Amino acid sequence: MPIITYRQALNDTLGEELARDENVLLMGEEIGVFQGSYRITEGLLAEFGPKRVVDTPIAEEGFVGIAIGAAMLGLRPVVEIMTINFILVAIDQVVNHASKIHYMFGGQVRVPMVIRTPSGGTGQLGATHSQSFENWFAYCPGLKVVAPSNPYDAKGLMRAAIRDDDPVIFIESLALYDTKGEVPEDEDYVVPIGVAEVKRAGTDVTVVSYSRMTAIAMQVAQKLEQEGISVEVVDLRSLRPLDRPTIIESVRKTNRAVVIAEDWYSYGITAEIAATIQEEAFDHLDAPVQRVAGLEVPLPYAKDLSAASKPNANSLIYAIRSVLKGKK
Amino acid sequence: MPIITYRQALNDTLGEELARDENVLLMGEEIGVFQGSYRITEGLLAEFGPKRVVDTPIAEEGFVGIAIGAAMLGLRPVVEIMTINFILVAIDQVVNHASKIHYMFGGQVRVPMVIRTPSGGTGQLGATHSQSFENWFAYCPGLKVVAPSNPYDAKGLMRAAIRDDDPVIFIESLALYDTKGEVPEDEDYVVPIGVAEVKRAGTDVTVVSYSRMTAIAMQVAQKLEQEGISVEVVDLRSLRPLDRPTIIESVRKTNRAVVIAEDWYSYGITAEIAATIQEEAFDHLDAPVQRVAGLEVPLPYAKDLSAASKPNANSLIYAIRSVLKGKK
Amino acid sequence: MAKVADPARSALERENADELKHYYYQMLLLRRFEERTSEMYVKARIGGYCHLNIGEEATIVGLMAALTPDDYIYTNYREHGYVLARGVPPGPVMAELFGKEGGVARGRGGSMHLFDAEKHFMGGYAIVGGQVPLAVGAAYALRYQGKPGVVVAQMGDGTTNIGAFYESLNLAKLWKCPVLFFIVNNGYGMGTSVEMGSSEPDLWKKGASFRIHGEQIDGTDMLAVRDAVRRLRTKAEAEGEPAILDLVSFRFRGHSVIDADRYRDPNFVRQGREEHDPVRNFATMLHDNGIADDVWLKAAVDKVEKEVQEAIDFANASPEPKFEELYDNMYASPVPNIPGTEDAMRAVRINRGEV
Amino acid sequence: MAKVADPARSALERENADELKHYYYQMLLLRRFEERTSEMYVKARIGGYCHLNIGEEATIVGLMAALTPDDYIYTNYREHGYVLARGVPPGPVMAELFGKEGGVARGRGGSMHLFDAEKHFMGGYAIVGGQVPLAVGAAYALRYQGKPGVVVAQMGDGTTNIGAFYESLNLAKLWKCPVLFFIVNNGYGMGTSVEMGSSEPDLWKKGASFRIHGEQIDGTDMLAVRDAVRRLRTKAEAEGEPAILDLVSFRFRGHSVIDADRYRDPNFVRQGREEHDPVRNFATMLHDNGIADDVWLKAAVDKVEKEVQEAIDFANASPEPKFEELYDNMYASPVPNIPGTEDAMRAVRINRGEV
Ligand SMILES: Cc1ncc(C[n+]2csc(CCOP(=O)(O)OP(=O)(O)O)c2C)c(N)n1
Ligand SMILES: Cc1ncc(C[n+]2csc(CCOP(=O)(O)OP(=O)(O)O)c2C)c(N)n1
Ligand SMILES: [Mg+2]
Ligand SMILES: [Mg+2]
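Everything in this summary refers to the structure shown in the same document. None of the values given here were measured: they were computed from a predicted structure.

**Digging into the relation of the copies chain A and chain B**
- Least-squares fitting of chain A to chain B yields an RMSD of 0.0 Å, with the transformation described by 0.0 Å of translation along the axis and a rotation of 180°. Viewed as a symmetry operation, the transformation between the two copies matches a two-fold axis. Distance from the rotation axis, computed per C-alpha, reaches its smallest value in chain A at Ala-275 of chain A: 2.3 Å.
- Same-surface contact between copies: 100% of interface residues of chain A are shared with the interface of chain B.

Rendered as structure tokens:
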């Protein structure tokens with residue numbers, strides 16, 4: 001199987017879906033002439049023209065709302081929000097409108113659209129450009145939220161999201177764009193929304209993760225294997241709907257769990273996962289579920305402070321060791 | 001002590017603080033001429049005039065931003081957002097600006113302001129007017145979030161919030177405005193931000209709650225007492241900072257916990273509380289922490305469907321009984 | 001020198017009498033529907049927030065008289081009349097206000113969230129300004145798909161102060177979207193007058209920063225509204241040229257059924273109702289021009305009375321939504337791990353203390 | 001008939017030569033500071049996003065020449081020059097870009113978030129449009145407190161398409177806030193031209209929907225900028241009358257240091273730099289009018305070179321922020337249950353694998 005980057009997987013898939021269905025169109029700031037702030041849409045304007053690849057002014061609330069309205073009439077817009085930090089100016093359209101229209105109006109109209117945006121922060125982008133808000137969207141009934149951790153899933157979930165008839169929030173990560181992985185060439189596979197994956201089987205502890213943190217979890221699992229610690233890694237892939245059965249099954253087997261996410265600790269993604277595990281696997285737990293997440297501070301710019309505020313392999317290893325304490 | 005309503009406690013306090021400090025001003029839609037959509041600011045325009053009680057156009061992003069900028073120059077704005085559902089159009093100003101300005105600029109400037117808004121939903125207000133978003137704000141470092149459950153705390157926390165030099169999100173509840181309680185007349189007390197309260201001592205189970213749900217928890221506790229079930233009720237009062245020690249101390253004593261909140265179940269407030277308890281009181285827990293929260297659906301308008309989608313005394317009692325199963 | 005004819009009358013002569021009578025019937029229906037709605041609200045048959053169109057009948061009927069079946073309509077929460085005038089039967093509309101399964105949104109939406117896909121009524125929305133970008137998006141889709149028609153973005157005067165409105169104006173003009181910004185200017189946003197809310201109180205001029213043409217129209221003159229919409233919709237459809245219509249009318253009652261309207265001088269309100277009643281004025285016009293006599297006018301009142309009563313009966317008879325269907329339509333594309341019928345029933349039983 | 005004097009020259013005659021030379025020195029400082037900044041970025045001394053003011057020196061120095069110490073300034077993330085021209089020493093500015101404790105925001109803010117309370121520089125902000133309501137709020141506070149001064153809301157051309165900008169215009173005019181909407185029109189928002197982004201590309205006309213006066217000014221003519229700001233700030237301060245300034249200039253480089261600028265024709269860029277270099281044009285003007293000779297001009301270059309080098313040395317020498325101070329300034333009013341030094345140290349040790 002060819003090995004390509006996460007960026008390439010997204011770029012290919014967007015192109016393929018544009019070619020497959022003329023109701024699919026891309027919208028966003030700098031996706032055309034500029035070819036994408038992070039080059040995810042590179043070359044697509046040249047290939048498909050300005051009707052299908054639409055450069056927008058800086059008016060997120062307006063063009064996200066336009067995408068929703070267009071979806072109500074049968075288009076399938078794929079909107080890029082340059083980074084998730086900027087979606088705050090458009091969040092009323094997403095949460096008070098897109099997520100409710102199908103249900104609130106008695107199922108008479110659908111809102112088939114995707115909003116893709118990178119979340120999280122690396123590289124000293126500072127307090128306003130390094131945040132994670134996927135937990136906010138995962139909280140909202142009516143939305144679907146996915147967050148692929150590798151090129152294969154990026155392609156499969158993007159296909160699923162574009163072909164899905166509900167609004168899907170597609171969470172990416174700047175730090176994943178250059179990572180590589182195997183992606184089948186001709187096979188038109190999709191990765192189902194709402195289904196997690198056990199990326200690595202293990203017996204001592206379950207690590208629940210998604211997006212960039214899954215990549216870290218896989219490295220840590222490999223490293224600890226040499227010490228004889230067997231780590232099972234669950235990649236959530238979807239945050240809403242949340243695949244609780246897969247998480248629970250794994251923890252019932254390993255009896256120990258660590259949850260890792262890049263967002264802030266309190267009220268973040270890890271809270272829901274930890275709460276779910278203690279609820280449904282209480283009698284199987286030999287230690288409290290440990291959470292590894294970002295430090296609760298507006299991310300400082302200074303290099304070392306910034307790096308020290310985000311979870312990494314060290315913090316994950318520390319958490320794994322502490323849940324394993326006393327295990328013989 | 002005089003017994004007054006939650007509404008009266010807020011109205012009195014706003015008036016007293018306006019009189020105490022000329023830098024305090026009220027801003028919001030319909031707070032003056034209309035005297036407040038829910039009459040919290042009734043009479044204040046007549047008493048303090050249009051400089052201190054400012055009616056705004058429907059432009060939440062604009063006037064919330066103006067309040068932040070004014071606070072940076074020393075004013076102490078108290079902004080009313082008619083209901084929390086409408087803060088979504090202004091949330092960029094709150095989260096990307098107010099919460100970060102003090103830290104991000106190295107502590108050179110302060111943002112002393114309060115945003116007060118009712119959260120949650122009763123009375124068939126429908127999908128877009130019945131939501132709870134306090135978990136979103138509680139997630140954000142740099143903000144303080146309080147949610148009083150009774151007139152005494154409403155007054156004490158409002159004083160604390162207005163006199164605090166940080167942006168404070170003050171969560172109210174339409175269903176609490178007419179509820180009554182004792183409030184001392186002349187005493188200038190404050191209820192400290194960041195401190196929970198054990199509102200009722202008990203030995204069998206801890207119920208963690210806030211705002212309207214605390215009122216329900218108190219009723220349930222009384223009812224179950226007759227059945228010989230002793231319920232300890234913790235009123236969080238502050239969601240950020242979260243008073244973990246008080247929660248944990250209580251659960252270590254009762255060994256069982258139920259968390260109740262009106263917001264949606266997944267990724268809501270109850271997730272953080274349940275995760276915290278299992279983390280810090282794992283060895284003391286005789287049963288998994290149970291969560292009681294709203295059903296995950298865009299709230300339907302129809303009376304019975306709507307009522308059935310929100311947590312109530314029945315759902316709390318059910319959860320309490322299930323954590324007590326097998327207790328002798 | 002030829003004798004100059006009375007322009008109003010000669011204009012009327014060009015009108016079709018039956019059409020004029022139908023317009024009157026529609027306005028009467030809207031008026032009576034809203035009066036009974038407010039009764040039903042007081043009787044607690046209707047919950048939540050409830051906003052009436054009383055005083056705005058000419059604006060609504062005039063708009064609908066000019067639209068074609070191809071056109072789409074997005075409104076705010078003050079929308080009962082729009083749905084009726086677009087041709088949705090009163091029964092399902094009242095049933096929605098009652099929260100019944102027979103309602104236009106299966107009782108899920110309520111007064112603020114009516115919808116009728118078939119009639120291209122694309123919904124009442126209750127976040128001020130939220131419907132405006134959606135409407136522009138629908139117009140964008142028409143253009144994208146090369147379909148005929150225009151989209152109406154209805155809103156109130158107070159809504160013209162929120163950012164979404166301005167972003168929408170810019171994008172609509174920039175992208176040549178066939179959309180009409182239809183501003184129902186009833187003078188107030190709740191208790192806030194237009195002057196208190198807008199630094200440019202001549203709302204039709206608010207397109208100036210975007211090169212968008214605007215017009216002020218007497219919103220109590222049904223024929224004037226119809227003609228203005230016809231003219232501007234043709235231009236919008238043909239050239240993708242958006243326009244602003246500032247429809248001035250008088251709000252007969254408080255903001256919503258529960259608003260005591262304490263902030264408006266009672267004399268001002270009484271006088272406004274006297275002078276700006278579009279329904280009564282239209283009746284007088286029909287009568288004085290010999291288009292309808294007292295007998296016909298009385299019959300119209302009776303007809304409407306009966307129809308609205310039937311709507312109420314329909315609503316009363318319509319069943320309550322079923323608990324097991326609570327999660328229906330939460331997602332259009334089912335995927336694993338979303339709640340279903342059993343989850344609904346279990347949750348509801350717990351909530352009702354049945355387990 | 002009296003002989004007509006060359007207006008430009010006679011205008012110059014009214015200028016103070018030392019002032020003119022100081023303006024030039026400031027523009028030169030900004031230019032050189034940014035050139036070295038981009039070097040430092042390439043050397044990875046600076047991280048994150050980094051946006052330069054090259055080509056905008058006349059706009060910035062012209063603005064600052066017209067402001068008083070009472071005035072306040074809010075800008076976007078392209079703000080290094082504003083801070084320098086306002087009189088903040090280059091050392092602490094460069095130290096901030098380096099993320100050092102000696103930086104103007106203690107290394108917490110970085111290139112996009114400079115701040116200096118004493119100089120009333122109220123921050124660089126990086127959410128497009130976010131600074132605009134804040135600036136209006138500061139102006140609101142000045143008026144509320146009866147204090148002198150005005151507030152500058154600096155932004156780029158692309159920012160005039162976002163809702164916050166329009167809501168701010170309405171509120172500023174409605175509430176008589178002494179604020180100047182200072183639009184640095186460099187022709188592009190990243191790769192998006194003004195025409196692609198705005199249905200009204202004459203940005204100074206965007207006040208039309210709000211009854212706000214606007215003017216277009218050559219942003220490469222430092223004296224023209226200064227005079228326009230002086231005039232409009234006086235009116236704003238005296239009458240609470242906001243105004244829009246559309247300052248047209250040319251963006252010399254890509255959007256940020258890492259932008260390859262692939263979307264602009266190289267010839268177009270080359271020509272733009274030739275024709276619209278405010279620094280070189282000002283030098284020529286000084287020279288041709290006998291205000292500064294080659295010796296002085298050369299000396300100015302050397303002075304600036306030295307100062308910027310000293311700023312880099314200062315930044316290099318400045319200490320890194322301490323881990324134990326991670327949570328400092330998260331809250332201005334301490335309350336129970338907020339993290340402190342010990343929490344910081346524990347977390348950092350875990351994160352660095354030291355436990
Ligand atoms: C974003 C937002 N802010 C505030 C409200 C509360 N609200 C509902 S209707 C209304 C007044 C709207 O006035 P106008 O646009 O003139 O419409 P009208 O009710 O007069 O028809 C307000 C402030 C809301 N629904 N949404
Ligand atoms: C709300 C928001 N959307 C998008 C961005 C990404 N972004 C940063 S700068 C910029 C272009 C701004 O252009 P302009 O206002 O002309 O300022 P300039 O950079 O040209 O000085 C964009 C789109 C952002 N920071 N905030
Ligand atoms: Mg109105
Ligand atoms: Mg620009």
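**Quick word on the coordination of the magnesium ion (ligand 3)**
Residue and element names in this part refer to chain C.
- Ligation of the magnesium ion (ligand 3) by protein atoms is provided by Asp-157 (OD), Asn-186 (OD1) and Tyr-188 (O), these donors lying 2.0 to 2.2 Å from the ion.
- The sequence motif formed by the donor residues of the magnesium ion (ligand 3) is D-x28-N-x1-Y. Tyr-188 carries the same exposure label as Asn-186, and that label is buried.

**Describing the site of ligand 1**
- Around ligand 1, 21 residues are found, and the nearest of them are Glu-60 of chain B together with Tyr-77, Arg-78, Thr-159 and Tyr-188 of chain C.
- Near ligand 1, the surrounding residues are drawn from chains B and C.
- Note that an oxygen atom of ligand 1 is positioned 3.1 Å from one of the side-chain N or O atoms of Asp-157 of chain C.
- The side chain of Asn-186 of chain C places a nitrogen or oxygen atom 3.0 Å from an oxygen atom of ligand 1.

**Concerning the pairing of strand 11 (residues 231-235) of chain A**
Residues and elements named next belong to chain A.
- Burial analysis of strand 11 places five of its five residues in the buried class, the great majority of the element.
- Pairing between strand 9 (residues 197-200) and strand 11: three bridges, direction antiparallel. Each residue of the ladder has a partner; that of Arg-200, found in strand 11, is Val-233.
- As paired elements, strand 10 (residues 205-209) and strand 11 share five bridges and run parallel to each other. Bridge assignment links Val-205 to a residue of strand 11, and that residue is Val-231.
- In this fold, the crossover linking strand 10 to strand 11 by way of helix 8 (residues 212-225) has right-handed handedness.

**Side note on the sheet that holds strand 13 (residues 257-264) of chain A**
Residue and element names in this part refer to chain A.
- Pairing in this open sheet of five strands is mixed, and the strands run 9-11-10-13-14 from one edge to the other. Edge positions in the sheet fall to strand 9 and strand 14 (290-294), since each of these pairs with one other strand and no more. Put simply, the sheet's adjacent strands are angled 25° from each other on average, direction ignored.
- Sheet topology places strand 13 next to strand 14; four bridges connect them, and they run parallel. Bridge pairing in strand 14 links Trp-264 to Gly-294.

**Description of the packing of aromatic side chains**
- All told, the structure shown has 40 aromatic pairs over all chains when counted by the stated rule.
- With a centroid separation of 6.1 Å and 45° between ring planes, the pair formed by Tyr-24 of chain C and Trp-296 of chain C is classed as tilted. Taken together, the residues span a long stretch of sequence, with Tyr-24 of chain C in helix 2 (residues 17-42) and Trp-296 of chain C in helix 12 (residues 294-317) at a distance of 272 residues.
- Here Tyr-24 of chain C falls in the buried class, since its relative accessible area comes to 5%.
- One aromatic cluster in this structure is built from Phe-133, Trp-136, Tyr-139 and Trp-264 of chain A together with Phe-133, Trp-136, Tyr-139 and Trp-264 of chain B.
- In this structure, Lys-51 of chain A is placed above the aromatic ring of Tyr-144 of chain C, and the distance from its NZ or CZ to the ring centre is 4.3 Å.
- The ring of Tyr-189 of chain A has Arg-159 of chain A lying over it, and the distance from NZ or CZ to the ring centre is 5.1 Å.

What counts and what doesn't
Residues numbered from 1 in each chain as written. Chains lettered and ligands numbered in written order. Predicted model: local features only at pLDDT ≥ 70, side-chain atom pairs only at ≥ 80, totals over all residues. Heavy atoms only, no water. Least-squares fit on C-alpha atoms with pLDDT ≥ 70 in both. Contact = heavy atoms within 4.5 Å. Donors = N, O, S within 2.8 Å, 3.2 Å for Na, K, Ca; no water. Buried < 20%, exposed > 50% of the residue type's maximum accessible area, 1.4 Å probe, protein only. Near = heavy atom within 4 Å. Polar contact = N/O pair within 3.5 Å; in protein donor to acceptor, adjacent residues only side chain to side chain. Helix = DSSP H or I, 4+ residues; strand = E, 2+ residues; numbered from the N terminus. Pairing = 2+ DSSP bridges. Right-handed = clockwise from strand over helix to strand, strands pointing away. Axes fitted to C-alpha atoms, helices over the stretch in contact; angles between N-to-C directions. Phe/Tyr/Trp six-rings, centres within 6.5 Å; stacked < 30°, edge-to-face > 60°. Lys NZ or Arg CZ within 6 Å of the ring centre and 35° of its normal.

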